Amino acid sequence: MDPTRGVLVLAATPIGSHTHASPALREALVAADVIAAEDTRRLVTLLRRLGVVTGARVVSYFEGNEAARTTELVDVIAAGQRVVLVTDAGMPSVSDPGYRLVRACIDHDLPVTAVPGPSAVLTALAVSGLPCDRFCFEGFLPRKPGERRARLAALAAEERTMILFEAPHRLHEWLLDAADTFGPGRRAVVCRELTKPHEEIVRGCLAELAGWTADGVRGEVTVVVAGAEPVRAGMGDALDLVASRVADGEKLSQAVRAVADLLGISRKELYEAALAARKEGE
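Treat the numbers as computed from the prediction; the structure is a model and nothing was measured. (Residues numbered from 1 in each chain as written. Predicted model: local features only at pLDDT ≥ 70, side-chain atom pairs only at ≥ 80, totals over all residues. Heavy atoms only, no water.)

### Side note on the overall build of the protein chain
- Looking only at helices and strands, the protein chain has 11 helices and 10 strands in total.
- For a compact globule of 282 residues, the expected C-alpha radius of gyration is about 19 Å, and the protein chain comes in at 24 Å, more than 25% above that figure.
- Principal axes of the C-alpha set define a box for the protein chain whose edges measure 80 × 45 × 35 Å.
- Expressed as a percentage of the 282 residues in the protein chain, the buried residues total 45%.
- Long-range contacts, defined here as pairs at least 24 residues apart, represent 69% of the contacts in the protein chain between residues at least 6 apart. (Helix = DSSP H or I, 4+ residues; strand = E, 2+ residues; numbered from the N terminus. Rg over C-alpha atoms; globule rule 2.2 N^0.38 Å. Buried < 20%, exposed > 50% of the residue type's maximum accessible area, 1.4 Å probe, protein only. Contact = heavy atoms within 4.5 Å.)

So this is what it looks like as structure tokens:
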């Protein structure tokens, strides 16, 4: 990481006592040019309890001002300053403010990193720029190619962001299999040596990442893969479900309401289509 270049640092804060804060968190707060906090009053309390004195400019960054403040912080980072983002407790961006700012930094080709912590899973998810609201951890997939491809096939329709581990010497074949199974255009991020001196975070589609790893990589690797796009059921599928529920003794109106809510389609349109289908069958 170029120390002269601006950077966004995601800094997880203790979810319990302030005594659990790591030396790395203290160092990050001291080194910041700007600290963006979900609640500035809580930040001041944390700084006092940690005995941290910082000359950083402190600004608020919460749900109500994220849109406007994101633009400001991106400009600050682009100007070469170090912005540390903290939330009230836990990892920024994971069910807390931060995703919008991470995404904006990525869009402006600005570096994003995180304070070292105990888990590569949340760190990789938070810096990935992929949706953080729903995710799953899959760990290491099977080593044997056939078993690995079968597991990937089972994950192809998973709509949540996926976090996985892989050994560096198997990463290229892993990405080729993933591109073949999920589609070459599926977005993904390879995080190598997270929070270490040679940290590298590479974003792209699976096909691009497979090409990038063709000559091999080194170090600990965490892969984050975007979930599948939701498949919206058609009216024919909805009518089949309604017919099945009616055949089981449910009233048409109740069946329509349940199926429409399940599939996220118009109750009125589904009811009219179900009546038309019933008349055709008489």
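### Observations concerning the packing of aromatic side chains
- The full count for this structure, using the stated rule, is 2 aromatic pairs.
- Taking 5.1 Å as the distance between ring centres and 65 degrees as the angle between the ring planes, the aromatic pair formed by phenylalanine 137 and phenylalanine 165 counts as edge-to-face. With phenylalanine 137 in strand E6 (residues 135-140) and phenylalanine 165 in strand E7 (residues 161-166), this residue pair connects regions lying 28 residues apart in the sequence.
- By relative accessible area, phenylalanine 137 is classed as partly exposed at 43%.
- Within the aromatic cluster, the residues linked to one another by ring pairs are Phe137, Phe140 and Phe165.
- Above the face of the phenylalanine 182 ring, arginine 186 is positioned so that its terminal group lies 4.6 Å from the ring centre. (Phe/Tyr/Trp six-rings, centres within 6.5 Å; stacked < 30°, edge-to-face > 60°. Lys NZ or Arg CZ within 6 Å of the ring centre and 35° of its normal.)

### Comments concerning the UniProt feature "domain: Tetrapyrrole methylase" (unreviewed entry) in the protein chain
- The sites that UniProt annotates as "domain: Tetrapyrrole methylase" (unreviewed entry) are residues 8-210.
- A helix fraction of 39% and a strand fraction of 21% characterise residues 8-210, whose end C-alpha atoms lie 27 Å from each other. (UniProt positions renumbered as here; feature names shortened; annotations may be inferred.)

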